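Structural overview for review
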Amino acid sequence: MLAFILRRLLQAVVVMLTVAFIAFTLFQYVGDPVTNLLGQDATPEQRRQLRTDLGLDRPFPVQFAAFVGNAVQGEFGLSLRQGRKVASLIAERLPATLELAVIAAAIALLAGIPMGVYAALRRGSPLSQAMMMFSLIGVSLPTFLIGILLILVFAVILKVLPSFGRGELVALGPWSTGLLTVDGWKHLILPAVTLAIFQLALIMRLVRAEMLEVLRTDYIKFARARGLPDRVVHFGHALKNTLVPVITITGLQLGSLIAFAIITETVFQWPGMGLLFIQAVQFADIPVMAAYLCLIALIFVLINLAVDLLYFAVDPRLRLSAGTGGH
């Protein structure tokens, strides 16, 4: 287990350095922050002075080395757009994105798994067919269109839910949350459902496919032959083995929810990291963009490590393989 963890940590370091290098290289060609800060009427002397103050006149390897060294300490420099520390900007926006992603993941899991099980056990029933049609729509429609449709129905026509913002917040030390207020929940519902629909449809289809596959296996046929009731066969044996591959997909999807919340946050003007990134792209705010991509890469790496460890714990075949040296 220790060797397994060390290998994963070494891989994580390589991945993070690669992402940091690619991000920093790409963003050298995204606009000119000096022009954005000073405007078109600035003199050449002002441009040179600001470029020197920002460290943009140094060689690329020196800039990248400084970026990596500061990032290890949790420092990503100053935002070129707001003139504030990037770390503080991300710390302000992180609670909103994490709350949105966690609630969306909970909706996707709590609805997707039961719907997938039902669609597998009641194949051909009208409700099962309706669920499959919903899942097809869920994976086909773009997220921004789902968000706009929900805003049209629930905010414009029915006027029961707000269409933008985060609502009333409660401060818990450095963390701000809307989960402790009714207004916060009202503002959270539409963006969370918008973000969850694709993941819900994906999990439902995956659970259904895995469940049907497991129900065809010999040990399920043997369990039926022993006279075990359907409830025990379906939920005590089939579902438990169905969820093993679902763990991996679900873990990766949680990372995707955080990374790809950009569109949802833009549609609903949700003050999270995704909206911060979009604003940074528009302004060519290189420190914010690089910090955001590195943070997303770190989240994916940590989630992958957690999923690998969980998979290692629940699948005895992996432990046996590791114990025998892979033979």
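Summarised in this report is the structure supplied together with it. In this text the structure is predicted, and so the values were computed from the model without any measurement.

1. A closer look at the overall build of the protein
In terms of regular secondary structure, the protein is built from 14 helices and two strands. Its C-alpha atoms give the protein principal-axis dimensions of roughly 85 × 60 × 35 Å. Long-range contacts, defined here as pairs at least 24 residues apart, represent 69% of the contacts in the protein between residues at least 6 apart. For the protein, the exposed surface amounts to about 17500 Å²; the carbon and sulfur share of it is 69%. Side chains of the protein carry 25 positive and 18 negative charges; the gap between the two charge centres is 12 Å.

2. What about the side chain of Ser 176?
In this fold, Ser 176 is placed in strand S2 (residues 175–177). Residue class for Ser 176 comes out buried when judged on its relative accessible area of 18%. Setting aside its immediate chain neighbours within four residues, Ser 176 contacts Pro 95, Glu 99, Arg 166, Leu 169, Val 170 and Ala 171.

3. Remarks on helix H7 (residues 143–157)
Counted at 1.5 Å a residue, the expected span for H7 with its 15 residues is 21 Å, and the 20 Å between its end C-alpha atoms agrees. At Ile 151, H7 shows its largest kink, close to 30 degrees. For H7, the full list of buried residues reads Ile 146, Gly 147, Leu 150, Ile 151 and Ala 155. Residues of H7 that are buried in the fold lie against helix H6 (126–140), helix H8 (182–215) and helix H11 (261–267).

4. Examining the pattern of salt bridges
Applying the stated rule across the entire model yields four salt bridges. Two residues, Glu 99 and Arg 166, come together in a salt bridge whose shortest N-O distance is 3.3 Å. Of this pair, Glu 99 sits in helix H5 (residues 86–121) while Arg 166 sits in the loop between H7 and strand S1 (170–172); the two residues are 67 residues apart in sequence, bridging distant segments of the chain. Taken individually, Glu 99 and Arg 166 each receive the classification buried, so the pair is uniform in this respect.

5. Examining the packing of H5 against H8
Look at H5 against H8: their axes get within 5 Å of each other, and the N-to-C directions meet at 35 degrees. For the element pair H5 and H8, the recorded crossing hand is right-handed. Its residues assigned to classes, the contact of H5 with H8 comprises 28 nonpolar, three polar and one charged.

6. Quick look at a nonpolar patch on the surface
A contiguous nonpolar surface patch, about 940 Å² in accessible area, is contributed by Met 133, Ile 137, Leu 141, Leu 149, Leu 152, Val 153, Phe 154, Val 156, Ile 157, Leu 158 and Val 160. The element that contributes the greatest number of residues to the nonpolar patch is H7, accounting for six residues. One can find Leu 149 in helix H7. Its relative accessible area of 39% is what places Leu 149 among the partly exposed residues.

7. A word on the packing of aromatic side chains
The geometry of an aromatic ring pair comes down to the distance between the two centres and the angle between the two planes. Per the stated rule, a full pass over the model turns up two aromatic pairs. Ring geometry for Phe 277 and Tyr 292: centres 4.6 Å apart, planes at 25 degrees, overall stacked. With Phe 277 in helix H12 (residues 273–283) and Tyr 292 in helix H13 (residues 286–314), this residue pair connects regions lying 15 residues apart in the sequence. Taking the relative accessible area as the measure of exposure, Phe 277 reaches 14% and is therefore buried. Residue Tyr 292 is classed as buried on the basis of its relative accessible area, which comes to 5%.

8. Some details on unusual backbone geometry
Phi at Lys 159 is positive, roughly 55 degrees, even though this residue is not glycine. As for its position among the elements, Lys 159 is in the loop between H7 and S1. Among the residues examined, Lys 159 registers a relative accessible area of 64% and is labelled exposed. A positive phi angle is found at Gln 269, which is not glycine, with a value near 50 degrees. Mapped onto the elements of the fold, Gln 269 is located in the loop between H11 and H12.

9. A short note on the nonpolar core
Grouped together as the largest cluster of nonpolar side chains are 39 residues, with contacts concentrated most on Phe 67, Leu 100 and Ile 296. When contributions to this core are tallied by element, the ones reaching two or more residues are helix H1 (2–26), helix H4 (60–72), H5, H8, helix H10 (230–259), H11, H12 and H13. Ignoring any residue separated from it by four or fewer positions in sequence, one finds Leu 100 in contact with Leu 188, Pro 191, Ala 192, Leu 195, Ala 261, Thr 264, Glu 265 and Trp 270. One finds Met 131, Met 132, Ile 203 and Ala 238 within the second-largest nonpolar core, a separate group that totals 21 residues.

10. Comments concerning the environment of Val 62
Relative to the elements of secondary structure, Val 62 occurs in helix H4. Judged by relative accessible area, Val 62 falls into the partly exposed class, the value being 38%.

Here is what the cut-offs are and how they apply
- Residues numbered from 1 in each chain as written.
- Predicted model: local features only at pLDDT ≥ 70, side-chain atom pairs only at ≥ 80, totals over all residues.
- Heavy atoms only, no water.
- Helix = DSSP H or I, 4+ residues; strand = E, 2+ residues; numbered from the N terminus.
- Contact = heavy atoms within 4.5 Å.
- Areas by Shrake-Rupley, 256 points an atom, 1.4 Å probe, with all protein chains shown as cover.
- Lys, Arg positive; Asp, Glu negative; His and termini not counted.
- Charge placed at Lys NZ, Arg CZ, Asp CG, Glu CD.
- Buried < 20%, exposed > 50% of the residue type's maximum accessible area, 1.4 Å probe, protein only.
- Expected span 1.5 Å × (residues − 1).
- Bend = angle between axes of the 7 residues up to and from the residue.
- Salt bridge = Lys/Arg side-chain N within 4 Å of Asp/Glu carboxyl O.
- Axes fitted to C-alpha atoms, helices over the stretch in contact; angles between N-to-C directions.
- Left-handed = near helix turned anticlockwise from the far one by under 90°.
- Nonpolar A, V, L, I, M, F, W, Y, C, P; charged D, E, K, R; others polar.
- Patch = residues over 30% accessible without salt bridge, like charges linked within 9 Å, V, L, I, M, F, W, Y side chains within 5 Å.
- Phe/Tyr/Trp six-rings, centres within 6.5 Å; stacked < 30°, edge-to-face > 60°.
- Core = buried A, V, L, I, M, F, W, Y, C linked by side-chain atoms within 4.5 Å.

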